[in-house]
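As a plain string of letters, each chain reads:
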Amino acid sequence: ASTAAAPAMAATQGATSTIVYGGASVAHALPAITFGNVTINDGSVSVTLGGNVIVDGTLNFISGKLALLTHILNIGPGGSVSGMSATNSFVCNGLSSKFTVTATTNIGTVYFDQTTPGTTNSITTFTLNGSGNTVTLGASDPITVGTLALTNGTLADGGNTITVTGNITGTG
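## So, the overall build of the chain
Now for step 1: Along its length, the chain carries 0 helices and 18 strands.
Now for step 2: Buried positions account for 45% of the 172 residues belonging to the chain.
Now for step 3: Pairs at least 24 apart in sequence give 38% of the contacts found in the chain among residues at least 6 apart.
Now for step 4: Per element, the accessible surface of the chain, about 7000 Å² overall, is 53% carbon and sulfur.

Encoded structure:
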């Protein structure tokens, strides 16, 4: 698949803005900015993080995956996720991806890719730091975490195994 550069964007998109990444034959990279709403509709091609990204609206999955690579994805204070499933999920990079939730409400159920267990479902740092939020892991979705930082919020395992290879800090 070919790669298309994202259009030039301001460092922060408006809280009500919606950016849609779609086109099954072209790979897309989210630039390192703060987004309002983002929709992933890329079919079999993963959208990737092109740097550290904050989503402060809804991260909506219609079709496709979001590859975190070696960057931080932060679901910000006004953020949530929707449409995630075993096929519409986050793809990690073998304990080099970082996932942070600073949302102040329940963000929804999150899924991590299970294609290559120990790699595509492994996060170096999983941080919950949003008072009043709950993050729930999707069904049949075990994950491996290097550091689990529970400052504020609740991590609901959804009946899954969470393997922590490093430290657990805080109590949420």
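## Side note on the environment of G76
Now for step 1: Within the secondary structure, G76 is located in the loop between β10 (72-75) and β11 (80-82).
Now for step 2: G76 sits in the buried class, given a relative accessible area of 0%.
Now for step 3: Expressed as a C-alpha distance, the spacing of G76 and A103, which sit 27 residues apart in the sequence, is 5.0 Å.

## Concerning the confidence of the model for the chain
Now for step 1: With 84% of its residues at a pLDDT of 70 or more, the chain shows a mean pLDDT of 85.
Now for step 2: Throughout residues 1-12 the model reports pLDDT below 50, and contacts reaching past four residues in sequence, or to other chains, amount to 22 contacts.

## A closer look at the pairing of strand β5 (residues 37-41)
Now for step 1: Within β5, 4 of the 5 residues are buried, which leaves the element mostly enclosed by the surrounding structure.
Now for step 2: Across 4 bridges, the pairing between β5 and strand β8 (residues 58-63) is parallel. Its bridge partner being in β8, V38 is matched across the sheet by L59.

## Quick notes on the side chain of N88
Now for step 1: By the element assignment, N88 lies in the loop between β11 and β12 (90-91).
Now for step 2: Reaching out from N88, the side chain makes a polar contact with the backbone oxygen of I62 at a distance of 3.3 Å.
Now for step 3: There is a polar contact of 2.9 Å between the side chain of N88 and the backbone nitrogen of G64.
Now for step 4: Contact partners of N88, with chain neighbours within four places excluded, come to F61, I62, S63, G64, G83 and Y111.

## Thoughts on the pattern of salt bridges
Now for step 1: By the definition in use, this model includes 1 salt bridge.
Now for step 2: A salt bridge links D113 to K65, with the shortest nitrogen-to-oxygen separation between them at 2.3 Å. Separated by 48 residues along the polypeptide, D113 in the loop between β14 (108-110) and β15 (122-137) and K65 in the loop between β8 and β9 (66-67) bring together distant segments of the chain.

## A word on the pairing of β15
Now for step 1: Across 5 bridges, the pairing between strand β13 (residues 97-101) and β15 is parallel. Directly across from F99, in β15, lies its bridge partner F126.
Now for step 2: Sheet topology note: the β14/β15 ladder contains 3 bridges and is parallel. Counterpart to V110 in the pairing with β15 is L137.
Now for step 3: Here β15 runs beside strand β16 (residues 143-156); their pairing, made up of 10 bridges, is parallel. Directly across from T125, in β16, lies its bridge partner T147.

## Details of the environment of T87
Now for step 1: In this structure, T87 sits in the loop between β11 and β12.
Now for step 2: Taking the relative accessible area as the measure of exposure, T87 reaches 56% and is therefore exposed.
Now for step 3: T87 sits 25 residues away from F112 along the chain, and the two C-alpha atoms are 9.2 Å apart.
Now for step 4: With residues near it in sequence (within four places) discarded, T87 still touches G64 and K65.

## Observations concerning the packing of aromatic side chains
Now for step 1: All told, the structure shown has 6 aromatic pairs when counted by the stated rule.
Now for step 2: Ring centres of F61 and F90 lie 5.9 Å apart, and the angle between their planes is 75 degrees; on these two criteria the pair is classed as edge-to-face. You can see F61 sitting in strand β8 and its partner F90 sitting in strand β12, a full 29 residues away along the chain. Residue F61 shares its accessibility class with F90, and that shared class is buried.
Now for step 3: Among the aromatic residues, ring-to-ring pairing joins F61, F90, F99, F112 and F126 into one connected group.

About the cut-offs
- Residues numbered from 1 in each chain as written.
- Predicted model: local features only at pLDDT ≥ 70, side-chain atom pairs only at ≥ 80, totals over all residues.
- Heavy atoms only, no water.
- Helix = DSSP H or I, 4+ residues; strand = E, 2+ residues; numbered from the N terminus.
- Buried < 20%, exposed > 50% of the residue type's maximum accessible area, 1.4 Å probe, protein only.
- Contact = heavy atoms within 4.5 Å.
- Areas by Shrake-Rupley, 256 points an atom, 1.4 Å probe, with all protein chains shown as cover.
- pLDDT = per-residue confidence, 0-100.
- Pairing = 2+ DSSP bridges.
- Polar contact = N/O pair within 3.5 Å; in protein donor to acceptor, adjacent residues only side chain to side chain.
- Salt bridge = Lys/Arg side-chain N within 4 Å of Asp/Glu carboxyl O.
- Phe/Tyr/Trp six-rings, centres within 6.5 Å; stacked < 30°, edge-to-face > 60°.

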